[in-house]
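# Examination of the molecular architecture
What follows is the residue order along each chain.
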Amino acid sequence: MKFYAIIFFLLISSSIKAQTKVWFDTDIMIGMPDKRPREVDDGITLIMALKQPQIEIVGISNITYVDYGYDVLNKILNWHNKGEDIPVYKGSNLANDLGTENDATRALYQALKKEKLTILALGPMTNIATLVKNHPDIIPQIERVVICAARTPDLPFNPGHGKLNLFDYNYEFDTASMTTLLNTDIPLEFAGYEPSSYTFIGNVDLASLDLTNEADKWLFDIVQPWMEVNEDLFGIRGFIPFDCSTLGIVTHPEYFTYYEDIPIQETYKKNDALVIQPDTPSKKFLEVSYDFKSKRTVKYARRALLGFEEKILETLSATK
């Protein structure tokens, strides 16, 4: 009996995966008052992340519009975080000050001194690049940086009816910081537009929200104007939750296909998003291809598989 008990214990132990310790860096703007509604995917990604037993979020930092972001991050945590308190730190406000320390970079440095972390980077790379530029000694403590950006060559970012091309916001907003990261040996993983384009959230997908619950009602009301913007621009009422794929390759890697060890490089070519950027005839692109001669390689998620969308939806309600 003792022999079988030992075997059973070993089998159970091998099936239990240790939690991934994650630092969550985001340019969250969900619900921000502006001329038009702002993206909601950072907020939805945080809600999803808080429900995942596979990860432990040890800290959150924000970038751009940091005062608003700080408040909305704490609001979401108050509604959805069921574990220990997660500290929130303000990062670079304009994402144009690579090398300038802020509360977020200082806190992340201290967190990494304590333990190795995966960094989930959902916005421009300013906070992360400032850390590694100013404190290269901390690089061995970074297990990987998982980023919402990049594309395969000449892939247009054109959701919905395909008539309007978007640009690679997280990369193009601060290309210098991405260049800084590419020049390190930190493992980098990318999940941006390409895998996310296989997921879509519409009104019917929000049916599980309890509109008598404050948190669910807030989310439902915030999402509606963003759906209307997408309908006007792309001919679809709904949206692609881009950042959820970035989280997904950490929490649900089996729901994606990948290019492993694929070369990455910054290229310069004709702008394919001139409707949105009429004064930029040419620009930098962040691209991956096995045809590139670059020695810098990364892991690149190329497709989200059936079932991942359901993993997003089952986490959104505050009552779950």
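Described below are features of the structure shown in this document. For clarity, every value in this text was computed on a predicted model and none was experimentally measured.

Rules of the game
- Residues numbered from 1 in each chain as written.
- Predicted model: local features only at pLDDT ≥ 70, side-chain atom pairs only at ≥ 80, totals over all residues.
- Heavy atoms only, no water.
- Helix = DSSP H or I, 4+ residues; strand = E, 2+ residues; numbered from the N terminus.
- Rg over C-alpha atoms; globule rule 2.2 N^0.38 Å.
- Buried < 20%, exposed > 50% of the residue type's maximum accessible area, 1.4 Å probe, protein only.
- Contact = heavy atoms within 4.5 Å.
- Areas by Shrake-Rupley, 256 points an atom, 1.4 Å probe, with all protein chains shown as cover.
- Lys, Arg positive; Asp, Glu negative; His and termini not counted.
- Charge placed at Lys NZ, Arg CZ, Asp CG, Glu CD.
- Core = buried A, V, L, I, M, F, W, Y, C linked by side-chain atoms within 4.5 Å.
- Pairing = 2+ DSSP bridges.
- Axes fitted to C-alpha atoms, helices over the stretch in contact; angles between N-to-C directions.
- Salt bridge = Lys/Arg side-chain N within 4 Å of Asp/Glu carboxyl O.
- Left-handed = near helix turned anticlockwise from the far one by under 90°.
- Nonpolar A, V, L, I, M, F, W, Y, C, P; charged D, E, K, R; others polar.

We now examine the overall build of the protein. Of the regular secondary structure elements, the protein holds eleven helices and nine strands. For 320 residues, the compact-globule estimate of 2.2 N^0.38 gives 20 Å, and the protein sits close to it at 20 Å. If you line up the protein on its principal axes, its C-alpha atoms span 75 × 50 × 35 Å. Relative to its 320 residues, the protein shows a buried fraction of 54%. Pairs at least 24 residues apart make up 78% of the contacts formed inside the protein by residues separated by at least 6 positions. Here the protein has roughly 14,800 Å² of accessible surface; of this, 54% comes from carbon and sulfur atoms. Positive and negative side-chain charges in the protein, numbering 32 and 44 respectively, have mean positions lying 4 Å apart.

Here we take up the nonpolar core. Residues Ile-30, Ile-44, Ile-57, Ile-60 and Leu-219 are the most contacted members of the largest nonpolar core, which totals 51 residues. The biggest single contributor to this core is helix 9 (residues 214-234), with eight residues. Setting aside anything within four residues of it in sequence, one finds Ile-30 in contact with Glu-39, Val-40, Gly-43, Tyr-68, Val-72, Ile-76, Trp-218, Leu-219 and Ile-222. Of all hydrophobic cores here, the second largest spans 34 residues; its members include Leu-117, Leu-181, Ile-186 and Val-298.

This part is about the sheet that holds strand 3 (residues 88-90). Sheet architecture is open: nine strands sit in the order 3-2-1-4-5-6-9-7-8, paired in mixed fashion. The open sheet terminates on both sides in strands that have one partner only, identified here as strand 3 and strand 8 (282-288). Adjacent strand axes in the sheet meet at a mean angle of 30°, parallel and antiparallel pairs treated alike. When strand 1 (residues 20-26) meets strand 4 (residues 117-121), the two strands line up parallel, connected through four bridges. Looking at strand 4, one finds that Phe-24 is bridged to Leu-120. Across the sheet, helix 10 (residues 242-251) lies against strand 1, strand 2 (55-62), strand 4, strand 5 (142-147), strand 6 (188-190), strand 7 (256-270) and strand 9 (297-304), angled at about 145° from strand 5, the strand it touches most.

Let us now look at the pattern of salt bridges. As enumerated under the stated definition, the model contains 15 salt bridges in all. A salt bridge links Glu-56 to Lys-21, with the nearest nitrogen and oxygen atoms 3.9 Å apart. On the criterion of sequence distance, the pair formed by Glu-56 in strand 2 and Lys-21 in strand 1 is long-range, its members being 35 residues apart. Under the relative-accessibility criterion, Lys-21 is labelled partly exposed at 25%. Between Lys-21 and Glu-115 there is a salt bridge, with its nearest N and O atoms 2.7 Å apart.

What follows deals with helix 2 (residues 41-50). With ten of ten residues buried, helix 2 lies mostly within the body of the structure. Listing the buried residues of helix 2 in full gives Asp-41, Asp-42, Gly-43, Ile-44, Thr-45, Leu-46, Ile-47, Met-48, Ala-49 and Leu-50. Of the surrounding secondary structure, the elements contacted by the buried residues of helix 2 are strand 1, strand 2, helix 3 (66-80), helix 9, helix 10 and helix 11 (308-313).

Turning our attention to the packing of helix 2 against helix 3. The N-to-C vectors of helix 2 and helix 3 enclose an angle of 35°; their axes lie 10 Å apart at closest approach. As helix 2 packs across helix 3, the resulting crossing turns out to be right-handed. Here Gly-43, Leu-46, Ile-47 and Leu-50 of helix 2 lie close against helix 3, whose contacting residues are Leu-73, Ile-76, Leu-77 and His-80. Classifying every residue of the contact of helix 2 with helix 3 by side-chain character gives six nonpolar, two polar and no charged.

On their own, these measurements won't tell you what the molecule is for.
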